[in-house]
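# Architecture and fold: a report
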Amino acid sequence: MHIILEIYRDRGNAQYGGEAVSQLEHALQCAALAEQAGQSAELIAACLLHDFGHLVHRLGEGVTARGIDDRHEYRAIPILEKRFPTAVTAPIRLHVAAKRYLCAIDPSYWNALSPASKRSLELQGGIFSDAAAAQFIQQPYAPEAIQLRRWDDLAKIPNLPTPDLSHFTTVLQEAAIV
Ligand code: FE
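On a predicted model such as this, the values are computed, not experimentally measured, just so you know.

## Concerning the overall build of the protein chain
Scanning the protein chain from N- to C-terminus turns up 13 helices and 0 strands. Order of helices (α) and strands (β) in the protein chain, N terminus to C terminus: α-α-α-α-α-α-α-α-α-α-α-α-α. For 178 residues, the compact-globule estimate of 2.2 N^0.38 gives 16 Å, and the C-alpha radius of gyration of the protein chain, at 15 Å, lies within 12% of that figure. Oriented by its inertia axes, the alpha-carbon framework of the protein chain measures out at about 40 × 35 × 30 Å. Here the protein chain holds 178 residues, and 48% of them are scored as buried. Accessible area for the protein chain stands at about 8600 Å²; split by element, carbon and sulfur atoms hold 52% of it. Across the protein chain, the mean location of the 16 positive side-chain charges is 6 Å away from that of the 20 negative side-chain charges.

Here you go:
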């Protein structure tokens, strides 16, 4: 747990891929939205940690702009699954697929995506086909991943005050396996 929080403190100031907030601001805003909605500790933790993979890849800055998919939804999992149950890791693993799904079922969702998110969507495989969308939604934790995704898209407001990282430490401990 300690090491995860330390990584956010050390590297959280990095810009969130072409958005007007830092990685840490984005994570805190996303977690705060889940908390305000009265969600479980597991889903709040998933929201806080959903982009952890962006902080642990070694591909350098501005990967999307360079046409690279950092596959951050998978990259975080080996580290996180040692500490957190599937209720935390599955929505994280599925949050990129949830974007591909939402674009497939709702064109207005695609319209509302930020330019950076539209750019990364293409690198991530683009909008799901009807068959892929139908398959996605049958998976366990697909609804949680969609919920996370909606907060993810909203968590990009510059200078929005949120609780800080220490506020969410108890939630992370509550959601953790050990
Ligand atoms: Fe995100």
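## Some words on the pattern of salt bridges
Summed over all chains, the structure comprises 3 salt bridges. In this structure, the salt-bridge partner of R149 is D153, at a minimum N-O distance of 3.4 Å. Separated by 4 residues within a single helix, R149 and D153 lie in helix α12 (residues 142–154), roughly one turn from each other. Among the ionic contacts, a cluster of salt bridges with common partners joins R149, D152 and D153.

## Some words on the packing of helix α2 (residues 23–36) against helix α13 (residues 165–175)
For the pair α2 and α13, interaxial distance at closest approach is 11 Å and the crossing angle is 55°. In terms of orientation, α2 lies oblique with respect to α13. The two elements α2 and α13 cross, and the hand of that crossing is left-handed. In contact with L24, L28, A31, A32 and E35 of α2, α13 contributes L165, H167, F168 and V171. Of the residues contributing to the contact of α2 with α13, the split by class is 7 nonpolar, 1 polar and 1 charged.

## So, helix α7 (residues 86–93)
Of the residues making up α7, those classed as buried are V88, T89, A90, P91 and I92. Among the structural elements, α3 (41–49), α5 (72–75), α6 (77–80), α8 (95–105), α12 and α13 are those in contact with the buried residues of α7.

## A few points about the nonpolar core
Generally speaking, a soluble globular protein has its nonpolar side chains buried in company with each other. One finds Y8, L48, L49, F52, L80, F84 and F168 to be the most contacted residues of the largest nonpolar core, which totals 37 residues. Put simply, the parts of the chain that give this core at least two residues each are α1 (2–11), α2, α3, α4 (52–56), α6, α7, α12 and α13. No other element matches the 8 residues that α3 contributes to this core. Not counting the four nearest positions on each side in its chain, F52 is found in contact with I4, I7, Y8, A76, I79 and L80. Formed by 15 residues, the second largest nonpolar core is a distinct cluster that contains A97, Y101, C103 and A145.

Definitions and cut-offs
Residues numbered from 1 in each chain as written. Predicted model: local features only at pLDDT ≥ 70, side-chain atom pairs only at ≥ 80, totals over all residues. Heavy atoms only, no water. Helix = DSSP H or I, 4+ residues; strand = E, 2+ residues; numbered from the N terminus. Rg over C-alpha atoms; globule rule 2.2 N^0.38 Å. Buried < 20%, exposed > 50% of the residue type's maximum accessible area, 1.4 Å probe, protein only. Areas by Shrake-Rupley, 256 points an atom, 1.4 Å probe, with all protein chains shown as cover. Lys, Arg positive; Asp, Glu negative; His and termini not counted. Charge placed at Lys NZ, Arg CZ, Asp CG, Glu CD. Salt bridge = Lys/Arg side-chain N within 4 Å of Asp/Glu carboxyl O. Axes fitted to C-alpha atoms, helices over the stretch in contact; angles between N-to-C directions. Parallel < 35°, antiparallel > 145°, perpendicular 65-115°, else oblique. Left-handed = near helix turned anticlockwise from the far one by under 90°. Contact = heavy atoms within 4.5 Å. Nonpolar A, V, L, I, M, F, W, Y, C, P; charged D, E, K, R; others polar. Core = buried A, V, L, I, M, F, W, Y, C linked by side-chain atoms within 4.5 Å.

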